[in-house]
Amino acid sequence: MPGWSGLAFLSVRPYLFTVMELRSYQRAFLRSQAQQLDPVVYVGKDGLTPGVIAALDAALTSHELVKVRFTANKDDVKAISSALEEETSSTLIAITGFTAVFFRQDAEDSERIYRI
């Protein structure tokens, strides 16, 4: 895939966050909340780049629940989404068409938007 070479070892801040195991009712709640959101991060023809990873990491830090739209590489949505999930230490909530939803709860309890 174009744009991925060597990115398997790039990590943004893996030591700050742990990936959450979500139950089905928690995923359903987050999916329902994500329906109202507009995509914040777009993955274009270059695919998975350090800029996309940094943008998703910043969006997760400020919003917790983020939609990512794939405008190119539409055959690789699942693979790129899995890589983004791993690189940002987030949880992939759902993939619908060419849009993926990611969640990463804030480490500070007082700053959490979604109480899961």
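Residues numbered from 1 in each chain as written. Predicted model: local features only at pLDDT ≥ 70, side-chain atom pairs only at ≥ 80, totals over all residues. Heavy atoms only, no water.

If you check an unreviewed UniProt entry, the protein chain appears there as YhbY family RNA-binding protein from Candidatus Ornithospirochaeta stercoripullorum.

Is there a simple way to think about the packing of aromatic side chains in this case?
How two aromatic rings sit relative to each other is set out by the distance from centre to centre and by the angle between their planes. Considering all chains together, one arrives at two aromatic pairs under this definition. With centroids separated by 6.5 Å and ring planes inclined at 75°, the aromatic side chains of F29 and Y114 adopt a geometry described as edge-to-face. Of the two residues, F29 is situated in helix 1 (residues 24-34) and Y114 in the segment after strand 4 (99-103); the sequence distance between them amounts to 85 residues. Aromatic pair F103 and Y114: ring centres 6.3 Å apart, planes at 75°, arrangement edge-to-face. In this pair, F103 sits in strand 4 while Y114 sits in the segment after strand 4, placing the two residues eleven residues apart along the sequence. The pair F103 / Y114 is uniform in exposure class, with both members buried. A connected cluster of aromatic rings, assembled from ring pairs, spans F29, F103 and Y114. Between the NZ or CZ atom of K74 and the centre of the ring of F98, over which it lies, the distance is 4.3 Å. (Phe/Tyr/Trp six-rings, centres within 6.5 Å; stacked < 30°, edge-to-face > 60°. Helix = DSSP H or I, 4+ residues; strand = E, 2+ residues; numbered from the N terminus. Buried < 20%, exposed > 50% of the residue type's maximum accessible area, 1.4 Å probe, protein only. Lys NZ or Arg CZ within 6 Å of the ring centre and 35° of its normal.)

Just checking my understanding: could you explain the sheet that holds strand 2 (residues 65-70) for this structure?
Neighbouring strands of a sheet are bound in pairs by backbone hydrogen bonds; such pairs are parallel or else antiparallel. Taken in spatial order, the four strands make up an open sheet running 1-2-4-3, and their pairing is mixed. Only two strands of the sheet have a single neighbouring strand rather than two, namely strand 1 (41-43) and strand 3 (91-96). Recorded for the sheet is a direction-independent mean angle of 25° between the axes of neighbouring strands. The pairing of strand 1 with strand 2 spans three bridges and is parallel. For Y42, the partnering residue across the bridge sits in strand 2 and is R69. Lying on the sheet, helix 3 (residues 77-88) is in contact with strand 1, strand 2, strand 3 and strand 4; it crosses strand 3 at an angle near 160°. (Pairing = 2+ DSSP bridges. Axes fitted to C-alpha atoms, helices over the stretch in contact; angles between N-to-C directions. Contact = heavy atoms within 4.5 Å.)

Sorry, what's going on with helix 3 here?
Along an α-helix, residues three or four positions apart point the same way, because every turn accommodates 3.6 residues. Over its twelve residues, helix 3 extends 16 Å from the first C-alpha to the last, a length consistent with the 16 Å expected when each residue adds 1.5 Å. The set of residues buried in helix 3 consists of V77, I80, S81, A83, L84, E87 and T88. Axial view of helix 3: buried residues confined to an arc of 165°, hence all on one face. Across from the buried face of helix 3, at angles greater than 90 degrees, the exposed residues are K78 and E86. Against the buried residues of helix 3 lie strand 1, helix 2 (50-63), strand 2, strand 3 and strand 4. After helix 3 finishes, the residue S89 shows a positive phi value of roughly 55°. (Expected span 1.5 Å × (residues − 1). Arc of directions from axis to C-beta.)

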